[in-house]
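In case you want the letters, here they are:
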Amino acid sequence: MGLDGLDDEARGRLESLLAKGWSLPGGHALAGLHNQRLGAYRLVALLGPKNNVGSRYFQLFLADLPTGQAGAEGRLARETLALGLHNSGPFPAYNWVELIRYEAAPTFGEQAVDLAGEGLDLPLFQMLSALVPPGGHLMVEYDSPGQKASERALTLGYPPVTSPLGYLMFQVGCRSFRDWYIAEGGREGPRKLQAFKPLNEEIAREKTAELRRQIEELLARPDDGQHGEWGALARRLAREVLRALEGQLI
């Protein structure tokens with residue numbers, strides 16, 4: 001299925017990109033996301049050029065589903081859902097997905113779709129995680145306005161897993177994190193959170209134990225309310241992580 005079920009405006013936008021060298025994913029790994037259902041929506045994936053180290057650019061778009069009524073074909077959200085890079089290679093660490101830009105609340109007309117609020121961010125990240133084997137990693141920017149909560153938690157020094165982005169990546173199997181907190185611009189791009197999927201059970205136990213230690217240290221400190229809603233959010237997510245880890249070895 002290519003661009004079927006899209007209205008004329010949506011089709012025109014995508015065909016303009018196809019004319020500029022972007023392409024449908026075909027046999028690429030990103031084909032697993034193309035036309036996948038996401039709640040009342042579906043994903044459209046396009047592949048772009050490779051960068052200077054061989055990673056492939058891609059774009060994801062959110063389309064609403066056709067209603068079946070005459071003239072009521074699917075619309076495309078105003079904003080690109082994600083601009084990213086995908087890399088694959090013979091060694092686990094060579095396999096990764098990076099979202100250079102992630103729009104967590106794309107809009108249809110005047111109505112925004114809150115992916116987190118509608119519970120759609122987790123299935124989206126599960127699809128992205130499926131592209132990354134054990135030993136690989138995910139990276140997501142947190143400089144855009146939609147990532148303010150994660151930016152605040154990370155800037156205030158909370159464990160990365162207690163930021164919304166970190167917790168989301170924890171839910172899809174990541175167990176260790178690196179915060180690229182200095183925005184270099186240019187090739188380095190915006191600030192981003194890198195999250196690693198453990199290569200094996202031994203590493204998973206080690207990294208999970210470290211996560212547990214970080215969370216327990218945070219929750220053992222008195223909550224003085226200094227960081228307001230951001231501190232409260234980080235502590236709530238910390239408790240969610242602990243509950244998820246109860247009884248788990250990895």
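Quick notes on the rules
- Residues numbered from 1 in each chain as written.
- Predicted model: local features only at pLDDT ≥ 70, side-chain atom pairs only at ≥ 80, totals over all residues.
- Heavy atoms only, no water.
- Pairing = 2+ DSSP bridges.
- Helix = DSSP H or I, 4+ residues; strand = E, 2+ residues; numbered from the N terminus.
- Axes fitted to C-alpha atoms, helices over the stretch in contact; angles between N-to-C directions.
- Parallel < 35°, antiparallel > 145°, perpendicular 65-115°, else oblique.
- Contact = heavy atoms within 4.5 Å.
- Buried < 20%, exposed > 50% of the residue type's maximum accessible area, 1.4 Å probe, protein only.
- Salt bridge = Lys/Arg side-chain N within 4 Å of Asp/Glu carboxyl O.
- Core = buried A, V, L, I, M, F, W, Y, C linked by side-chain atoms within 4.5 Å.
- Left-handed = near helix turned anticlockwise from the far one by under 90°.
- Nonpolar A, V, L, I, M, F, W, Y, C, P; charged D, E, K, R; others polar.

Participant: Outline the sheet that holds strand E2 (residues 41-50), listing residues and values.
Facilitator: Taken together, the eight strands give an open sheet; going across it, the order is E1-E2-E3-E4-E5-E8-E10-E9, and neighbouring strands pair in mixed fashion. Every other strand in the sheet has two partners, leaving strand E1 (37-38) and strand E9 (176-180) as the edge strands with one partner each. Direction of pairing for strand E8 (residues 137-141) relative to strand E10 (residues 192-196): antiparallel, over a ladder of five bridges. Bridge assignment links methionine 139 to a residue of E10, and that residue is glutamine 194.

Participant: An account of the packing of helix H4 (residues 164-171) against helix H6 (residues 228-245) is needed here, citing residue identities and associated values.
Facilitator: At a closest axis distance of 10 Å, the pairing of H4 and H6 adopts a crossing angle of 10°. Between H4 and H6, the crossing angle belongs to the class labelled roughly parallel. Where H4 approaches H6, its residues Pro164, Tyr167 and Phe170 are matched on the opposing element by Leu233, Leu237, Glu240, Val241, Ala244 and Leu245.

Participant: Outline the pairing of E2, supporting the account with residue identities and numerical values.
Facilitator: In terms of residue burial, E2 counts as a mostly covered element, since eight of its 10 residues are buried. In this structure, E1 lies alongside E2, joined through two bridges in antiparallel fashion. Across the sheet, leucine 38 pairs through a bridge with tyrosine 41, a residue of E2. Between E1 and E2, which pair antiparallel and follow one another directly, the connecting turn spans two residues, one of which, glycine 39, has a positive phi of 65°. Counting the residues between successive antiparallel strands, the hairpin from E2 to strand E3 (residues 56-64) contains five residues, one of them, glycine 54, with a positive phi of roughly 95°.

Participant: Quick one: what's the story with the pattern of salt bridges, residue by residue and with numbers?
Facilitator: With the rule as written, the count across this model stands at 12 salt bridges. Taking the shortest distance from any N to any O, the salt bridge between arginine 78 and glutamate 110 comes out at 4.0 Å. Here the residue arginine 78 occupies a position in the loop between E3 and strand E4 (82-87), and glutamate 110 occupies one in the loop between strand E6 (107-108) and strand E7 (111-112), the gap between them amounting to 32 residues. Here glutamate 110 falls in the exposed class, since its relative accessible area comes to 78%. Residue lysine 207 pairs with glutamate 206 through a salt bridge whose shortest N-O separation is 4.0 Å. Taking the relative accessible area as the measure of exposure, lysine 207 reaches 30% and is therefore partly exposed. Glutamate 206 sits in the partly exposed class, given a relative accessible area of 49%. The network of salt bridges with shared partners includes Asp143, Glu151, Arg152 and Arg191.

Participant: Give me the nonpolar core: which residues, what numbers.
Facilitator: Grouped together as the largest cluster of nonpolar side chains are 53 residues, with contacts concentrated most on Leu60, Leu62, Leu99, Tyr102, Leu124, Phe125 and Met169. With seven residues, the single largest contributor to this core is H6. With 12 residues, the next largest nonpolar core counts Leu6, Leu17, Phe61 and Leu83 among its residues.

Participant: Talk me through the packing of helix H5 (residues 201-220) against H6; I want residue IDs and the actual numbers.
Facilitator: Contact pair H5 / H6: the axes reach a minimum separation of 10 Å and the direction vectors enclose 140°. Here H6 runs oblique to H5, going by the angle between their axes. Regarding H5 and H6, the two cross each other, and that crossing is left-handed. Seen from H5, the contacting residues are Thr208, Arg212, Ile215, Glu216, Leu218 and Leu219; seen from H6, they are Ala234, Arg235, Ala238, Arg239, Val241, Leu242 and Leu245. A class-by-class count of the residues in the contact of H5 with H6 yields eight nonpolar, one polar and four charged.

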